[in-house]
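Here are the chains, one letter per residue:
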Amino acid sequence: MQRVVFLVPFLVVGSLWTLQMDPVLGKSPVTTLENFDFEQFSGRWYEVAVVSTCPQYMQRKKSDPVIVALELKHVHSQHNFTMTSSTFKNGTCRETLTVINLTSTPGRFFHHVARFGADVDCFVVDTNYNEYALMLQLSTEKPSGNKTTIVKLYSRTTSVSPLVLGKFKALIRLHGISEDTAIMNQHKGECFPGDQMKEAAANHQVFVPESSK
């Protein structure tokens with residue numbers, strides 16, 4: 001199998017954020033997990049569900065709702081970490097490397113997406129480190145000023161329990177987004193650097209319970 005690696009352009013934005021206001025939206029920051037520990041948070045995650053207020057983003061996700069594997073690594077001497085996302089399409093392993101700034105607030109990260117001219121503020125709203133993580137991303141495109149909210153569900157495996165899925169939907173509702181619009185990604189195989197693709201096992205699917213009325 002062929003492996004393709006993409007490097008995402010990253011704009012270094014000075015040193016650590018020291019402002020007590022949200023650098024993207026200019027309001028009080030989202031409450032992150034108390035006593036957040038990045039070392040426990042680092043490692044391998046799977047993006048199993050996502051929802052966004054951006055129609056174009058949702059359209060792209062709906063066209064190929066595949067689980068993305070994420071590898072988070074931190075170099076102790078630096079004020080940032082790398083996030084390597086990998087998935088495959090049409091038998092090709094696609095890997096993207098993003099460099100993300102740590103901030104003065106534990107559980108809060110920042111990066112700039114040059115392709116869209118967007119500043120992105122990321123928050124770990126909740127996690128138990130060994131099972132799931134609820135992620136909130138707030139971005140502002142420049143110079144248009146368009147704002148986008150993205151809620152993501154990370155899992156240490158390619159499936160989640162009904163309880164965790166309920167937490168994800170509650171966070172969606174908290175931000176005024178309909179839970180019915182959430183995209184549940186499907187596991188289509190493993191994509192490890194240097195390894196061949198593996199077909200998805202039948203028991204490695206995201207659990208989606210029936211919607212309660």
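Every chain is numbered on its own, with residues counted from 1 as its sequence reads. Whole-chain, interface and lining totals are the exception, using all residues; otherwise, since this is a predicted model, local features are given only for residues with pLDDT of at least 70 and side-chain atom pairs are given and counted only at 80 or more. Excluding hydrogens and water, the side-chain values take into account all heavy atoms of the structure.

Focus: the packing of aromatic side chains
Step number 1: For Phe, Tyr and Trp, where Trp contributes only its six-membered ring, two rings pair if their centres lie within 6.5 Å, and the inter-plane angle classes them as stacked under 30 degrees, edge-to-face over 60, or tilted in between. In the structure shown here, the tally under the stated rule is 10 aromatic pairs.
Step number 2: The rings of F36, F38, F41, W45, F81, F109, Y129 and Y154 are connected pair by pair, giving a single aromatic cluster.
Step number 3: Put simply, a charge is over a ring when the Lys NZ or the Arg CZ is close to the ring centre, within 6 Å, and near the line of the ring normal, within 35 degrees. Between R156 and the ring centre of W45, over which it is positioned, the NZ or CZ distance is 3.7 Å.

Section: empty space enclosed by the protein
Step number 1: Using protein atoms alone on a 1 Å grid, points that fit a 1.4 Å probe yet trap it form a cavity, whereas open point sets bounded by protein on both sides within 12 Å along at least five of seven lines form a pocket; residues with an atom within 4 Å of a point count as lining. Grid points are joined across faces, edges and corners, and a volume is the space filled by probe spheres set on the points. Counted according to the given criterion, the structure contains one cavity of 30 Å³ or more.
Step number 2: In this model, the largest cavity occupies a volume close to 70 Å³.
Step number 3: Taken together, 13 residues form the lining of the largest cavity, with I67, S86, G189, E190 and C191 sitting closest to its centre.
Step number 4: If you tally residues by element for the lining of the largest cavity, the top one is strand β4 (residues 80-89), at three residues.
Step number 5: Note that Gly is not counted as nonpolar here; it falls among the polar residues with everything else outside the nonpolar set of Ala, Val, Leu, Ile, Met, Phe, Trp, Tyr, Cys and Pro and the charged set of Asp, Glu, Lys and Arg. Residues belonging to the lining of the largest cavity are distributed by class as follows: six nonpolar, four polar and three charged. Helix numbering and strand numbering both begin at the N terminus, where a helix is a DSSP run of H or I of at least 4 residues and a strand a DSSP run of E of at least 2.

A look at helix α3 (residues 162-174)
Step number 1: How far a helix is expected to stretch is found by multiplying one less than its residue total by 1.5 Å. Here α3 is 13 residues long and its end C-alpha atoms lie 18 Å apart, about the 18 Å a rise of 1.5 Å per residue gives.
Step number 2: The set of residues buried in α3 consists of V164, L165, F168, K169, L171 and I172. Burial along α3 is one-sided: seen end-on, the buried residues are contained in an arc of 155°. Seen from the open side of α3, the exposed residues pointing more than 90 degrees away from its buried face are L163 and L174.
Step number 3: Contacts: residue pairs with any heavy atoms within 4.5 Å of one another. Elements in contact with the buried residues of α3: β2 (43-52), β7 (118-127), β8 (132-141), β9 (147-155) and β10 (183-184). Buried means the residue's accessible area, taken with a 1.4 Å probe over protein chains only, is under 20% of the maximum for its type, while exposed means over 50%, and partly exposed covers the values in between. Summarising the geometry, the arc corresponds to the directions from the helix axis toward the C-beta atoms.

Quick notes on unusual backbone geometry
With the exception of glycine, the majority of residues adopt a negative phi angle, and the majority of peptide bonds are in the trans configuration.
Step number 1: Of the consecutive residues K142 and P143, the connecting peptide bond is found in the cis state with omega at 5°.
Step number 2: With respect to the secondary-structure elements, P143 resides in the loop between β8 and β9.
Step number 3: The phi dihedral of Y129 is positive, around 70°, even though this residue is not glycine.
Step number 4: Within the element layout of this structure, Y129 appears in the loop between β7 and β8.
Step number 5: Under the relative-accessibility criterion, Y129 is labelled buried at 14%.

Some thoughts on the side chain of R108
Step number 1: Position of R108 relative to the elements: it lies in strand β6 (residues 108-113).
Step number 2: Overall, the relative accessible area of 3% leaves R108 in the buried class.
Step number 3: Polar contact criterion, stated in full: a pair of N or O atoms within 3.5 Å, where within protein one must be able to donate a hydrogen and the other to accept it, and residues adjacent in sequence count only if both atoms are side-chain atoms. Within the structure, the side chain of R108 is placed 3.3 Å from the side chain of D121, a separation counted as a polar contact.

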